[in-house]
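In case you want the letters, here they are:
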Amino acid sequence: MPAEPEMAPTGGPRPKRGILERLDQGEVVIGDGSFLITLEKRGYVKAGLWTPEAVVEHPDAVRQLHMEFLRAGSNVMQTFTFSASEDSMDSKWEEVNSAACDLAKEVAGKGDALVAGGICQSSMYKYHKDEARIKKLFRLQLEVFARKNVDFLIAEYFEHVEEAVWAVEVLKELGKPVAVTMCIGPEGDMHGVTPGGCAVQLAKAGADIIGVNCRFGPRTSLQTLCFMKQGLGAVGLSPHLMVQPLGFHTPDCGKGGFVDLPEYPFGLEPRVATRWDIQKYAREAYNLGVRYIGGCCGFEPYHIRAIAEELAPERGFLPPASEKHGSWGSALNMHTKPWIRARARREYWENLLPASGRPFCPSLSKPDV
């Protein structure tokens, strides 16, 4: 039998290898997870606005969440700068971007993690498709990331490939690796560009890492990424792939994703994926050839730990958070009740069909749009 993976190495600071160096060598890079949804539940983010003032107003809360993801196995501390552009935050944007970089960098320094400066789609694009103005917004955030010397850059949560291409073009100006993810499903972007077509445009714009994030659950996101991979392969392109889906099951989503479901954003808890669902997702992503695997809204630290545990044989070690978690429920062997001890096995949890406890609720919803 193969040796059990060891716990993550500890000790003093070690030279950190870059994101592309890791991916080029075939290593698994584990992203982080939910910030907006999680911090809203914890009382630090206001729903509706979904802006990250918490990095200034409640830095300890943001630092704690970064630490939880690091301990769970994340290799990337993404700056909490979603919707932190000038058009969303007015005069606060620069202070927020700067503080977010400092927090991510502080926590990344406590482990083998990289700092990724993140931007997302603008609120302006839907109303004023002004390339120069939108690129200026991206460039303002990029200037902060340059001063803070982040390790690489992520453009995430884009509904339209045209705007995502503009973001990639701006981020490439810094000369650091660029990842880009779109919040689309199998039907493609909001202008009808297929997932494969989106991926090809992004690769030709210079993106080093391409994929999807948010809006859809793990299964749908992997289906979309498969279409992206097929499109790239058809024209001979092979950037690295990444996936960061929701931590919710959303098979009933329409083209717009979970935001159109009637449960969004305050009634999504019955849809939360189990840790075992996420282990399955991690394995399927790995088998698809994806090496940057993480999560987005609803993806809690224990979900990230599930990725790290599932892929521990490939990575060669377990995350620190696994010290308190027996593989496939093995710690239940110590329970006093025999029927609970009987659950300390992989087959039980892999085949469980969990009940919701809500006898009068449907299993699926109808999107409002």
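Small disclaimer: the values here were computed from a predicted structure and weren't measured.

### Brief notes about the pairing of strand E7 (residues 209-213)
Item 1. Among the 5 residues of E7, 5 are classified as buried, and the element is accordingly described as predominantly covered.
Item 2. Of the two faces of E7, both are covered, the one formed by Ile209, Gly211 and Asn213 as well as the one formed by Ile210 and Val212.
Item 3. Here 4 bridges tie strand E6 (residues 178-182) to E7, and the two strands are oriented parallel to one another. Bridged to Val180 within E7 is Ile210.
Item 4. What joins E6 to E7 is helix H9 (residues 195-205), and the crossover it makes is right-handed.

### Section: the packing of helix H4 (residues 59-72) against helix H12 (residues 301-310)
Item 1. Packing of H4 against H12 leaves a shortest axis separation of 8 Å and a crossing angle of 20°. The angle between H4 and H12 places the two elements in the roughly parallel class. Along this stretch, H4 crosses H12, giving a crossing that reads as right-handed. Counting all contacts with H4, which are made through Leu65, Glu68, Phe69 and Ala72, the residues of H12 involved are Pro301, Ile304, Arg305 and Ala308.
Item 2. Residue composition of the contact of H4 with H12, grouped by class: 6 nonpolar, no polar and 2 charged.

Rules used throughout
Residues numbered from 1 in each chain as written. Predicted model: local features only at pLDDT ≥ 70, side-chain atom pairs only at ≥ 80, totals over all residues. Heavy atoms only, no water. Buried < 20%, exposed > 50% of the residue type's maximum accessible area, 1.4 Å probe, protein only. Helix = DSSP H or I, 4+ residues; strand = E, 2+ residues; numbered from the N terminus. Pairing = 2+ DSSP bridges. Right-handed = clockwise from strand over helix to strand, strands pointing away. Axes fitted to C-alpha atoms, helices over the stretch in contact; angles between N-to-C directions. Parallel < 35°, antiparallel > 145°, perpendicular 65-115°, else oblique. Left-handed = near helix turned anticlockwise from the far one by under 90°. Contact = heavy atoms within 4.5 Å. Nonpolar A, V, L, I, M, F, W, Y, C, P; charged D, E, K, R; others polar.

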